[in-house]
Amino acid sequence: MGTKFLLHHLGEQTKSIHAGESPDPTTHASSPNLVMSTTFTVGADTGFSVEGMDENDTWVYTRWGNPTVHQLEEKLAALEGAETAVTFASGMSAITALLFHLLKSGDHAVVSDVAYAALSEITNEMIPELGIKISKVDTSDIDAIKNALQSETKLLYIETPCNPLLRLTDIAEVANLAHSVGAKLAVDSTFATPVATKPLELGADFVVHSLTKYLGGHGDALGGVILGYKKDLTSLRKKTAIRLGGSLSPFNAWLILRGIATFPIRMRVHEENALKIAAYLESHPKVKRVIYPGLASHPQYELAKRQMKNFSGIITFQVENGILESRRLADRLSIIHYAVSLGHHRSLIFYLNSKDLLQTSFKFSTDKQLESWNTFAGEGLFRLSVGLEDADDLIADLEQALAIF
Ligand SMILES: *Cc1c(COP(=O)(O)O)cnc(C)c1O
């Protein structure tokens, strides 16, 4: 957008529509340009290595940078209140680029013991096989983090609310702790979104989002982003983003840009619907326990109110005999899709079996970790990503699917 307005004074919805975008200088098109070109004609003295690349260079090759992708990065940085953003082909490629950037053999990292499954799995085996030590701790327990810190600790990696437990971590508290030992704090804020929480303002060094979820918001494009400070991300872009090559497709960037136009409006409705459905589920005789940061019954409700301006749209709940119930729901739900993923306009539900997850993704080392899991998840839990349909229709769909014995 034009430099007439200072971006940081604008509201979130205005930024979502205008930040990073400006009318095309040749056609004067009002919508963002979709530049589907892998390469760009350049001058004869253009360098061939990213080493000498600087911010003001023209476009060379789409893995290095692309005008459509750049518009998205500017918009995301404005929404998160970050100096800069580097986008990726998926949330996981953002996360792996961050780990490769920050950690080398001999280093140590503290990672949430419950986090996105693929992150949990690579930090169980692949990353330790490179000589990087990992401690998995319940990051809602500050003493557990303190006990895990070592002189080689370079990174604290948290997810809040975490997938799938919706357990929270106090970002400001953990940021202080990380910095007191010279480590960086990275926060996967996919569930919270920039509407709810701004981890950089609370002291984090890096924020990660899977753009596949709420930011894109429509279930049609994978993407990921790392946000933070220029001093860190300029070298990350060269070292691990461009060279490892998990670059975002301009077409996906364009779809995600379009999705973000309605992002704060969507988040309001996700939260409004989720509050209604969480209350409905809490009163349902078949439901043993409902976990949602916006419910007074959430064990960290006070922290949720302090750290989240919007409680987002994901609810987890336990029922008696979850495996049997999951088969019924998969068969009977007609509006809500029985599917993985979350944050889409469409409601999605999926059953996560504790036995499977504890074997494949989360390998706890202490009884306390298992106890916390059992309280939140029991034998397993449904993760419901509440969409933008009418709440009454979603409740009616759950009612007819849950009611029949
Ligand atoms: C989905 C998700 C990811 C991974 O994102 P992809 O785009 O699927 O690679 C990472 N973290 C969280 C919290 C997620 O929900």
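Fair warning: this is a prediction, and the values are worked out from it, not measured in the lab.

## Quick look at the site of the ligand
Now for step 1: Surrounding the ligand, one finds 14 residues, the nearest of these being Gly91, Met92, Asp188, Thr212 and Lys213.
Now for step 2: Contact between the ligand and Asp188: a nitrogen atom at 2.6 Å from a side-chain N or O atom of the residue.
Now for step 3: Within the side chain of Thr212, an N or O atom sits 2.6 Å from an oxygen atom of the ligand.
Now for step 4: Protein contacts shield 94% of the accessible area of the ligand, which totals 380 Å² for the unbound molecule.
Now for step 5: Top contributing element to the shell around the ligand by residue count: helix H3 (residues 91-102), with 3 residues.
Now for step 6: Here the residues of the shell around the ligand sort into 4 nonpolar, 7 polar and 3 charged.

## A short note on the domain arrangement of the chain
Interfaces are frequently sized by the accessible area removed from exposure as the parts join.
Now for step 1: In terms of domain boundaries, the chain breaks down into domain 1 (3-260) and domain 2 (264-401).
Now for step 2: Of note, the centres of domain 1 and domain 2, computed from C-alpha atoms alone, are 26 Å apart.
Now for step 3: Taken together, the contact pairs 44 residues of domain 1 with 44 residues of domain 2.
Now for step 4: In total, about 3400 Å² of surface goes out of reach between domain 1 and domain 2, with carbon and sulfur atoms giving 58% of it.
Now for step 5: Salt-bridge contacts for Arg306 lead to Asp170; the nearest nitrogen and oxygen are separated by 3.4 Å.
Now for step 6: Where domain 1 meets domain 2, there are 21 residue pairs in polar contact (both at pLDDT 80 or more).
Now for step 7: Mapped by element, the contributors of at least two residues to the side of domain 1 that touches domain 2 are helix H1 (12-18), helix H4 (117-124), strand E3 (133-137), helix H8 (193-196) and helix H10 (250-260).
Now for step 8: Among the elements that line the side of domain 1 that touches domain 2, the one with the most residues is H4, at 4 residues.

## Digging into the sheet that holds strand E12 (residues 380-385)
Now for step 1: In spatial order, the strands read E8-E9-E12-E11-E10; together these 5 strands make up an open sheet with mixed pairing. Of all strands in the sheet, those with a lone pairing partner are strand E8 (287-291) and strand E10 (337-338), marking the two edges.
Now for step 2: Against the sheet, helix H11 (residues 263-282) touches E8, strand E9 (314-319) and E12, its axis set at about 10° to E9.
Now for step 3: Set on the sheet, helix H15 (residues 367-377) makes contact with E8, E9 and E12; between it and E9 the angle comes to about 90°.

## Description of the pattern of salt bridges
Now for step 1: In total, this model carries 17 salt bridges according to the counting rule given.
Now for step 2: The residue Asp141 makes a salt bridge to Lys368 at a minimum N-O spacing of 2.9 Å. Taken together, the residues span a long stretch of sequence, with Asp141 in the loop between E3 and helix H6 (142-148) and Lys368 in helix H15 at a distance of 227 residues.
Now for step 3: Overlapping salt bridges, with partners in common, bring together Lys104, Asp107 and Lys154 in one network.

## A short note on the sheet that holds strand E1 (residues 84-88)
Now for step 1: Taken in spatial order, the 7 strands make up an open sheet running E1-E7-E6-E5-E4-E2-E3, and their pairing is mixed. The open sheet terminates on both sides in strands that have one partner only, identified here as E1 and E3. On average, each strand axis in the sheet is inclined to that of its neighbour by 20°, with strand direction left out of account.
Now for step 2: Bridge count between E1 and strand E7 (residues 224-228): 5 bridges; the pairing is antiparallel. Within E7, the residue paired with Val86 across the bridge is Ile226.
Now for step 3: Across the sheet, helix H2 (residues 67-80) lies against E1, strand E6 (206-210) and E7, angled at about 130° from E1, the strand it touches most.
Now for step 4: Lying on the sheet, helix H9 (residues 230-244) is in contact with E1, strand E5 (184-188), E6 and E7; it crosses E1 at an angle near 25°.

## Notes on the nonpolar core
One broad rule of soluble globular proteins: the nonpolar side chains tend to lie buried together.
Now for step 1: Membership of the largest hydrophobic core comes to 40 residues, with the highest contact counts inside it found for Leu72, Leu76, Leu165, Ile260, Phe263 and Trp373.
Now for step 2: Broken down by secondary-structure element, the contributors of at least two residues to this core are H2, E7, H10, H11 and H15.
Now for step 3: Here this core spans two domains, and each of domain 1 (3-260) and domain 2 (264-401) adds at least three residues to it.
Now for step 4: Excluding its chain neighbours within four sequence positions, the residues that come into contact with Trp373 are Val114, Pro164, Leu165, Ser354, Leu357, Leu358, Phe362, Phe364 and Gly378.
Now for step 5: Formed by 32 residues, the second largest nonpolar core is a distinct cluster that contains Leu303, Ile315, Leu394 and Ala401.

## Focus: the pairing of strand E2 (residues 108-112)
Now for step 1: Here E2 lies mainly inside the structure; 5 of its 5 residues are buried.
Now for step 2: In the sheet, E2 pairs with E3 via 5 bridges, with the strands oriented parallel. Bridged to His108 within E3 is Lys133.
Now for step 3: Here E2 runs beside strand E4 (residues 153-159); their pairing, made up of 4 bridges, is parallel. Residue Val110 lies in a different strand from E4, and its bridge partner there is Leu156.

## With respect to the pairing of E7
Now for step 1: Here E7 lies mainly inside the structure; 5 of its 5 residues are buried.
Now for step 2: Of the two faces of E7, both are covered, the one formed by Gly224, Ile226 and Gly228 as well as the one formed by Val225 and Leu227.
Now for step 3: The pairing of E6 with E7 spans 5 bridges and is antiparallel. Looking at the pairing, Val208 lines up with Ile226 of E7.

## Focus: unusual backbone geometry
It is generally the case that most residues other than glycine have a negative phi and that most peptide bonds are trans.
Now for step 1: With an omega dihedral of -10°, the bond running from Thr160 to Pro161 counts as a cis peptide bond.
Now for step 2: Inspection of the secondary structure puts Pro161 in the loop between E4 and helix H7 (171-180).
Now for step 3: The omega torsion of the bond from Asn163 to Pro164 falls at 5°, within 30 degrees of zero and hence cis.
Now for step 4: Relative to the helices and strands, Pro164 is located in the loop between E4 and H7.
Now for step 5: Of note, His28 is a non-glycine position whose phi angle comes to about 65°, a positive value.
Now for step 6: For Ser341, which is not glycine, the phi dihedral falls at a positive 80°.
Now for step 7: Position of Ser341 among the secondary structure elements: in the loop between E10 and strand E11 (348-353).
Now for step 8: Residue Ser341 is classed as buried on the basis of its relative accessible area of 19%.

Calculation criteria
- Residues numbered from 1 in each chain as written.
- Predicted model: local features only at pLDDT ≥ 70, side-chain atom pairs only at ≥ 80, totals over all residues.
- Heavy atoms only, no water.
- Near = heavy atom within 4 Å.
- Polar contact = N/O pair within 3.5 Å; in protein donor to acceptor, adjacent residues only side chain to side chain.
- Areas by Shrake-Rupley, 256 points an atom, 1.4 Å probe, with all protein chains shown as cover.
- Helix = DSSP H or I, 4+ residues; strand = E, 2+ residues; numbered from the N terminus.
- Nonpolar A, V, L, I, M, F, W, Y, C, P; charged D, E, K, R; others polar.
- Domains from an automatic or database assignment.
- Contact = heavy atoms within 4.5 Å.
- Buried area = accessible area lost by both parts, 1.4 Å probe.
- Salt bridge = Lys/Arg side-chain N within 4 Å of Asp/Glu carboxyl O.
- Pairing = 2+ DSSP bridges.
- Axes fitted to C-alpha atoms, helices over the stretch in contact; angles between N-to-C directions.
- Core = buried A, V, L, I, M, F, W, Y, C linked by side-chain atoms within 4.5 Å.
- Buried < 20%, exposed > 50% of the residue type's maximum accessible area, 1.4 Å probe, protein only.

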